[in-house]
Amino acid sequence: MPCRLDVPHNLMFGKWKYEKPDGSPVFIAFRSSTKKSVQYDDVPEYKDRLSLSENYTLSISNARISDEKRFVCMLVTEDNVFEAPTTVKVFKQPSKPEIVSKAPFLETEQLKQLGDCISKDSYPDGNITWYRNGKVLQPLEGVVVIIFKKQMDPVTQLYTMTSSLEYKATKADIQMPFTCSVTYFGPSGQKTVHSEQAIFDIYYPTEQVTIQVLPSKNAIKEGDNITLKCLGNGNPPPEEFLFYLPGQPEGIRSSNTYTLTDVRRNATGDYKCSLIDKRSMIASTAITVHYLDLSLNPSGEVTKQIGDALPVSCTISASRNATVVWMKDNIRLRSSPSFSSLHYQDAGNYVCETALQEVEGLKKRESLTLIVEGKPQIKMTKKTDPSGLSKTIICHVEGFPKPAIQWTITGSGSVINQTEESPYINGRYYSKIIISPEENVTLTCTAENQLERTVNSLNVSAISIPEHDEADEISDENREKVNDQAKLIVGIVVGLLLAALVAGVVYWLYMKKSKTASKHVNKDLGNLEENKKLEENNHKTEA
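From a predicted model like this one, the values you see are computed outputs, not experimental measurements.

1. Examining the pattern of salt bridges
Under the definition given, this model contains 20 salt bridges. A salt bridge links Asp67 to Arg49, with the shortest nitrogen-to-oxygen separation between them at 2.9 Å. Taken together, the residues span a long stretch of sequence, with Asp67 in the loop between β5 (58–60) and β6 (70–77) and Arg49 in the loop between β3 (38–40) and β4 (50–52) at a distance of 18 residues. Overall, the relative accessible area of 3% leaves Asp67 in the buried class. For Arg49, a relative accessible area of 5% puts it in the buried group. A salt bridge links Arg132 to Asp173; the shortest N-O distance between them is 2.6 Å. On the criterion of sequence distance, the pair formed by Arg132 in strand β11 (residues 127–132) and Asp173 in the loop between β14 (159–167) and β15 (177–186) is long-range, its members being 41 residues apart. Linked by salt bridges that have partners in common, Glu222, Arg265 and Asp293 make up one network.

Structure (C-alpha cells):
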C-alpha cells in the first residue's frame, strides 16, 4: 500500500496504523527519516507479515480476510502531521461448484430432491444458479424448489455456499444435462464458474405393452418351441407380466418371457399379456402353428400282377396351400401316377413329397415300392444269315421275377453260340443261339421263374432248305420310336384333312356367290328377249 502523500523535506518519521471498528487506532509500523531504521509494533496478527520501504510503502504478506481494514499512512514533521487512508478489500475465489448428494433417479410427476450444488472457500460470499440444458431454472411451486444457504468458517472467515434443488421430472428430461454455477466478485469484477454436467435416470410408468413371438410367428410349425416376450415401455421396464393362452381366462404369472414347448396345431390362437397391477393394459398377437399331413395309399412295398389296376392317392392336409411333387426312381414325374393296367415298366420306387414353401423345414414324404410280377411269356423267332451258312434263333421272354432261359435242341446240327443274352429291361430280355442244322431240328426254349415254368418250341429246317424268316420282336425302345412316328403321321394326316376342309368351305362360298351372279345375268337376258318380242308384235300390229 503506497503512502499517498508527498514526503515533506522536514520529515521526522513515518508511521502506519489501522483503525478498529470502533475507530480507535492500532499502530503497526514506524520508520525514522534520519536513522533509516524500521520498527514494527507488537501486533500478533501482523507478526512477520509486514514490510515498510524507504518511501513508506507498506506491504502485507500472506493476506487474510482480517486484513480487510482501513489503513492510514502518517508523515510527521516538527509542526504538523499528514495522514492518507487506504481501504483494503480482500477477495477469495471459491472452489469449482460440484453437484453432490445426487439422486439415483428421478420420477415423473413426483417432486424429488435432485441434488446439492456446493462451492467452498469464497470471500465474499457468492450466489449459486441451477441450469437445465443450459437454461436457468427459476423457482416454480411444485415443480422447481431451490433452497440456498451460506455458512462462514469462524477461523478462516471463508464462506461455503450450498443450493439444494427439488425437481419434478418429465419424460422430456431423459438424457437432459443439469448443471450449476457460482457467481462471485473479484478484484476485476463479477465472475462465474460452472460445474460438471449431471444426467439423471428418469423413471416413468409403463403406458403401453407389446408382445413378441420368437421365432417369427410366420414360421412356426408343429414340434417347435415358442417363446412369448412381453415388454412395457416404462422405465424401469416391468419385470413380471400375466400371460393369457387361448381358451384360458386366467393369466399365468411369469417374467417377461413365457415358453411353450413342442407345440401342436391346437395351439393356434390369440395370445395376450398384461401388467400385473394394471390388467387393462394388454397386448395380443395371433399365432398359427403350421402343420402338414401326408397320407399315401397304398404305401410301402406293394406286389401286383401285370395287367392289374392299381389306384394310387396322395392326400395332403395342411395349414395352407402345399406343393406336391411325385418322383419315380429319383426322377420327377409330370403328374401323379395312375395305373389302369400295370406294365413291367411301371415297377419302381415312387415318392410323394409335399412342403410348405413359407415354413422352413416343414416337409413330408412317403414312398411306394411297386413290384409288378408276371408269369413267363415266350416268343421265338428265326433268321437265316445272308451267307446261308447259319441260322439265328431268338427266344424273347417276358416276366418278373426274371425268368431263367434254357435251350433244348432235338436233331443234329452244330451249335455255334448259345450264351448270348440281352440286358433285362422292364421285364423283358432275350436269349440267342446261332446254329447250322444239317437236317430239320426242333428248338425248345424254357423260361421259368417263381410263378411258373413256360415252354415253347420252334421247328427249323436244314440249312440246305430255304424257309421264310420270322420278324424279330420289337424292343420297347423301338416300339416307342414307332409310336412316335405313328403319332407324327397321324398329326400330318389330321393337318391335311383340316386344310382340305378349309379349302372346301372357301370353294363352296365362292361357288355360291358365282351362282347368285349367274341368276342375276339370266334374269337380265330374259328381260331383253321379252322386250324384243314386244317390239315384233308392235310392228305386226302396225302393218
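2. A closer look at the packing of aromatic side chains
Enumeration according to the criterion identifies eleven aromatic pairs in this entry. Look at Phe13 and Phe30: their rings are 5.0 Å apart centre to centre, the planes differ by 45°, and that puts the pair in the tilted class. Of the two residues, Phe13 sits in strand β1 (residues 11–19) while Phe30 sits in strand β2 (residues 25–32), which places them 17 residues apart along the sequence. For the ring pair Phe243 and Tyr258, a centre distance of 5.8 Å and an interplane angle of 25° mean the geometry is stacked. Separated by 15 residues along the polypeptide, Phe243 in strand β21 (residues 241–244) and Tyr258 in strand β23 (residues 257–260) bring together distant segments of the chain. One aromatic cluster in this structure is built from Tyr18, Tyr46 and Phe71. The positively charged end of Arg265 is found above the aromatic ring belonging to Tyr291, 3.9 Å away from the centroid. Between Lys402 and the ring centre of Tyr429, over which it is positioned, the NZ or CZ distance is 4.7 Å.

3. Focus on the nonpolar core
Where a protein is soluble and globular, its nonpolar side chains tend to be buried together. Counting residues in each nonpolar core, the largest one holds 42 residues, and the members touching the most others are Trp16, Ile28, Leu106, Leu114, Trp130 and Tyr167. Listed by contribution, the elements that provide at least two residues to this core are β1, β2, β4, β6, β10 (112–122), β11, β14 and β15. The element contributing the most residues to this core is β14, with four residues.

About the criteria used
- Residues numbered from 1 in each chain as written.
- Predicted model: local features only at pLDDT ≥ 70, side-chain atom pairs only at ≥ 80, totals over all residues.
- Heavy atoms only, no water.
- Salt bridge = Lys/Arg side-chain N within 4 Å of Asp/Glu carboxyl O.
- Helix = DSSP H or I, 4+ residues; strand = E, 2+ residues; numbered from the N terminus.
- Buried < 20%, exposed > 50% of the residue type's maximum accessible area, 1.4 Å probe, protein only.
- Phe/Tyr/Trp six-rings, centres within 6.5 Å; stacked < 30°, edge-to-face > 60°.
- Lys NZ or Arg CZ within 6 Å of the ring centre and 35° of its normal.
- Core = buried A, V, L, I, M, F, W, Y, C linked by side-chain atoms within 4.5 Å.

That's the geometry; what it means functionally is another story.
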